[in-house]
Structure formats: C-alpha cells, structure tokens
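What follows is each chain in one-letter form.
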Amino acid sequence: MKNREKYLIVNGWGGGLRGIPSIIFWQRLLKSFPNLRERVDLFGGVSIGALIFGGIARGLSPETVFELIHDKAEAIFKKTLWSHIRSFDGWIGPEYFVENMAREITDAVGQSTKFQDVNKALIVTTFDMARFKMKMFENLTGADDSVYLSSALTQSAAAPIKFGTWFGGYDGGVYGKNSALWALAQALDPRNTEEINRPDIADCWVLDFGTGNPPAKELEHGKEWNYGKLQFAKNLVPSIFLDGLHGAIEFSLKTILGERYHLVNFDLDRHIGMDDLDARPELVEIGKKTSLGETVTWLKEIF
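Note that the structure is a prediction, hence the values are computed from the model and not measured. Residue numbers here run from 1 along each chain, matching the order of that chain's written sequence. Totals for whole chains, interfaces and linings use every residue, but because this is a predicted model, local features are given only for residues with pLDDT of at least 70 and side-chain atom pairs only at 80 or more, for both listing and counting. Each side-chain value is worked out from all heavy atoms of the structure, with water and hydrogens disregarded.

So, about the nonpolar core. Formed by 83 residues in total, the largest nonpolar core has its most connected members in Leu 8, Val 10, Trp 26, Leu 42, Phe 43, Phe 209 and Leu 299. For helices the rule is a DSSP run of H or I covering at least 4 residues; for strands it is a run of E covering at least 2, with both sets numbered from the N terminus onward. In terms of residue count, the dominant contributor to this core is helix H3 (residues 48-58) (7 residues). Only heavy atoms enter the contact rule, under which two residues are in contact if any of them lie within 4.5 Å. Ignoring anything within four residues of it in the chain, the contact list for Trp 26 reads Val 10, Leu 36, Arg 37, Val 40, Phe 43, Phe 53, Ile 56, Pro 62 and Phe 209. By nonpolar core we mean a set of buried residues, namely Ala, Val, Leu, Ile, Met, Phe, Trp, Tyr and Cys, connected to one another through side-chain atoms within 4.5 Å. For every residue, the accessible area obtained with a 1.4 Å probe (protein chains only) is divided by the maximum for its type, and the residue is called buried under 20%, exposed over 50%, and partly exposed between those limits.

A pair of aromatic rings is counted whenever rings of Phe, Tyr or Trp (Trp by its six-membered ring) have centres within 6.5 Å, and the orientation is called stacked for planes under 30 degrees apart, edge-to-face for over 60 and tilted otherwise. Summed over all chains, the structure comprises 16 aromatic pairs. The interplanar angle of 40° and the centroid separation of 5.8 Å between the aromatic rings of Phe 77 and Phe 163 together place this pair among those described as tilted. With a gap of 86 residues between them, Phe 77 in the loop between helix H5 (73-76) and helix H6 (81-87) and Phe 163 in the loop between helix H8 (149-157) and strand S5 (169-171) connect regions that are remote in the sequence. Residues Phe 127 and Tyr 175 carry aromatic rings whose centres are separated by 6.3 Å and whose planes lie at 45° to one another, so their mutual orientation is tilted. Pair noted here: Phe 127 is in strand S3 (residues 121-128) and Tyr 175 is in the loop between S5 and helix H9 (180-187), with a separation of 48 residues, a long-range link. When its relative accessible area of 7% is taken as the criterion, Phe 127 is described as buried. Of the aromatic side chains, those joined through ring pairs into one cluster are Trp 26, Phe 43, Phe 53 and Phe 209. Above the plane of the ring of Phe 137 lies Lys 135, whose end atom (NZ or CZ) is 4.9 Å from the centre. Charges are assigned to positions over rings by a cutoff of 6 Å between ring centre and Lys NZ or Arg CZ, combined with an angular limit of 35 degrees from the ring normal.

Our next topic: the pairing of strand S2 (residues 42-46). The element S2 is largely enclosed, with a buried count of 5 among its 5 residues. Taking every second residue as pointing to the same face, both faces of S2 are buried, with Leu 42, Gly 44 and Val 46 on one and Phe 43 and Gly 45 on the other. For strand S1 (residues 7-12) and S2, the ladder comprises 4 bridges, and the chain directions are parallel. Opposite Gly 12, over in S2, you have Gly 45 as the bridge partner. Of the pairings in the sheet, the one linking S2 to S3 comprises 5 bridges and is parallel in character. If you follow Gly 45 over to S3, its bridge partner there is Val 124. Pairs of strands are assigned from DSSP output, requiring at least two bridges between the strands.

The values are spatial; any link to function lies outside them.
Listed below in structure tokens is the structure:
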C-alpha cells in the first residue's frame, strides 16, 4: 500500500450530454483542491463519464474535456439526410455515425495513445457484442496496455440505437451506467501489478459523479403499462440504458463503503435525452449552480 491510508477512486456515470455538469463540477472542485487529479489513485467511467475522466487521466485539461463533450457535440450527434434514410430514424439502424465520434475522441486524446501511456490508473467499461458480455479496459493488470485509448473510449460511449459498435464494442451502460462498483472491484483485483499496489477495502473512498435524476414517469391512476414489444422498445429501452440499474449500484456502494462513498448528483425537472443539443445551456447552468458544499467537506477528509 502507498504511504497514505486513503485510496481515492473517482468515477463518472454515463448519460450522454447530461454528463456536462460533471466536468464543470470537477473544474469547481479544483479551485478548492488544485492537486485533486494528482491525489486520485484510480479514475473510472462509462460512456460520457469515460470520456471525461479518461481524458483527465490522460492529462487533458478540463477545458479540453469540456470542448470535447460540449462544443464537439454537434459533430458527434450530427444527423444528415443519409443518416435518416439509412436508419429510418433509429428504427432499423443507428441514428448517428460512430465514425464522427471516434474522430473527435481521437483528436482529443491522441491517435497513438495507448492505455500504457496513461500515467494514472484508469478503468473504462464497455459491452463486447461478439461475446455478449461486459468488457472492462484497464491499465492496472497490464492486460490492456496495447489497447488504444481512443478506441476504448469510443466503444464505451457508443450507445446502442444512437451509434453502431466500434471494434465490436458498445456502451458499457448496456449493463449499468454507473461503473463505480467495477472500479472498486478492479482496485482490489489481486492481478494488479506491484507498482499499483492493491489497497485494503477499508482504505477505499469513492467520489462518484452522476448525470442527473429525471422526474418519475406519470401513469394515470388505476392504469398499468400494457406494453408490447414495439412500445417497450420505443418508450422504455432508451430510459433503461440511460437511467436503469444505477440505484442498485449506489445501494451496493453505500452498503459496502458507508461514508466513504460520496455521490455528486442533481435532480432534473424534465427528461433530457443523451443527445439533446438544445439542453446544453441548461446543463451548463446546473453545473455552475449545484451546491458542492457537502462534496468539499467530504474531500477534506481525504486531503
């Protein structure tokens, strides 16, 4: 174990553009803790969270990360007449070209950057379509050292329906948009190299960045959702990818870690899609105005 007791894990949820407040929260926390990046032992993320904290782990400035997920969003979520025709608006194919996203991510993190080049411990979750199971890219065991960072990040952010796969990988949000539990498990993996040094679970602290709590779906009193395949696919599948399962992960982390788990999150007064470009000003304001007082207090226990 390193010459300090507390092992800090920072993780970012998936959620598309709803991740914009996360990078603003990070920028604000740096004002109180300028050495926060250096103090983090392990970064983790899925989808937009992987882009944010994969970029931070790579050494990108918060401003560059903000540019990638905010300014470049129009290029990533770009619809053309051909994309409409080819996908029938997402019903028979992905709505957007994954190549556009891959290009922007590669420009940001570097074409030749591999996991072994990232000087902070990092895990990125994806879904392997060929094997139909979870895939986690990491630089703790050495297993993924030769994997290009841009490829792993693109796979992690390739949300089904919105994008096609990238090198056979889909968004890790398929099985959970909160990767913090897997980041904790990877930190404790006995295969980790000696240079990383496995912490004891009692020494692990997790700072988790959420992507918003949407309002509950309204159901007329006395009625039920009697959906068939088409209605379920249209109305619920995107919501499950975006907002499902994370409650179980939070419960698990709170039970395991207690006060050593802290979630930074916010409530939404309406449903915001992962590709809602018009919601960007609203999300920026959320990032600026959400109180971080409890988070600052929590972090003071680390520093």
